[in-house]
Amino acid sequence: MFFAAQPASAAVSGTTFAVDKSTAKAGDQLTLTLSLTNAENSAIYFAYESVQPTWPANTQAGAFTITACTGDTSDCAFTGNSANFHFNAPIAPGATKSVTLTVKITDTPGWGTAPYTLNWAPYVYYEFGQVGGTTMAKDQSWTFGVPQLQTVIS
């Protein structure tokens, strides 16, 4: 099943996103926390998430960089300003898995003067039900960022 881009209030059930600072400057560090709570009646046996900055921040190499990825993940790949990972699975009904990304603000981007708003757009996909039997999937992307993942850089 595919869900079109929608505001965070209409998110895939059980997803939460947060950034620890609403304002930052060059030299600061941000912490993004991305969580998935299984709101289904059966275990989630596959869960993937990615996050990247929205335009125009996604066109500016070097203004900020993801430097670390930790938490309930079997793998995490981050390059520059985007990351993707798989949550440790299975995720039992009602259980929550979280991943934390560390972002270093390195410079003011070249597209204009500060302040600017750094927005992040997460994508979530998971599968639940019976492996090899009846399965269901949910996915959703946020094209224009999630209000909980915005930081003003000055």
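Residues numbered from 1 in each chain as written. Predicted model: local features only at pLDDT ≥ 70, side-chain atom pairs only at ≥ 80, totals over all residues. Heavy atoms only, no water.

Chemist: Break down the packing of aromatic side chains for me, with residues and values.
Modeler: Per the stated rule, a full pass over the model turns up 5 aromatic pairs. Taking the centre distance of 5.2 Å and the plane angle of 90 degrees together, the rings of phenylalanine 85 and phenylalanine 87 count as edge-to-face. Pair check on accessibility: phenylalanine 85 and phenylalanine 87 agree, each one buried. Between tyrosine 126 and phenylalanine 128, the aromatic rings sit 5.8 Å apart at their centres with planes inclined by 45 degrees, giving tilted as the arrangement. What makes tyrosine 126 buried here is its relative accessible area of 0%. (Phe/Tyr/Trp six-rings, centres within 6.5 Å; stacked < 30°, edge-to-face > 60°. Buried < 20%, exposed > 50% of the residue type's maximum accessible area, 1.4 Å probe, protein only.)

Chemist: Just give me the short version of the pattern of salt bridges, but keep the residues and values in it.
Modeler: Note that side chains of opposite charge can pair when their charged atoms are close. Evaluated as defined, the whole model comprises 2 salt bridges. Here aspartate 28 ties to lysine 25 by a salt bridge, and the two come within 3.6 Å at their closest N and O atoms. (Salt bridge = Lys/Arg side-chain N within 4 Å of Asp/Glu carboxyl O.)

Chemist: Run through unusual backbone geometry, naming residues and quoting values.
Modeler: For the peptide bond that leads from alanine 89 to proline 90, omega is 10 degrees, which places it in the cis range. Summarising the element assignment, proline 90 is placed in the loop between strand S8 (82-87) and strand S9 (96-105). (Helix = DSSP H or I, 4+ residues; strand = E, 2+ residues; numbered from the N terminus.)

Chemist: Break down the state of the cysteines for me, with residues and values.
Modeler: The full count for this structure, using the stated rule, is 1 disulfide. Residue pairing for cysteine 69: its cysteine sulfur links by disulfide to cysteine 76, the two sulfurs lying 2.1 Å apart. Because the sign of the S-S torsion sets the handedness, a value of about 100 degrees for the bond joining cysteine 69 and cysteine 76 places this disulfide among the right-handed ones. A residue is classified by how much of its surface remains accessible, and cysteine 76, at 24% relative accessible area, is partly exposed. (Disulfide = S-S within 2.5 Å.)

Chemist: I'd love a proper account of the nonpolar core, names of residues and values included.
Modeler: Ranked by size, the top nonpolar core spans 31 residues in total, and within it Phe64, Leu101, Leu118 and Trp120 carry the most contacts. Where this core is concerned, the elements lending two or more residues are strand S2 (15-19), strand S4 (29-37), strand S5 (44-53), strand S6 (64-71), S8, S9 and strand S10 (116-129). Considering each element in turn, this core owes the most residues, 6 residues, to S10. (Core = buried A, V, L, I, M, F, W, Y, C linked by side-chain atoms within 4.5 Å.)

Chemist: How would you sum up the environment of asparagine 119? Please name residues and give values.
Modeler: Topologically, asparagine 119 is positioned in strand S10. With relative accessibility at 15%, the residue asparagine 119 sits in the buried group. For the pair asparagine 119 and valine 152, spaced 33 residues apart in the sequence, the C-alpha separation amounts to 8.7 Å. In this structure the side chain of asparagine 119 is engaged in a polar contact, spanning 2.9 Å, whose partner is the side chain of glutamine 150. (Polar contact = N/O pair within 3.5 Å; in protein donor to acceptor, adjacent residues only side chain to side chain.)

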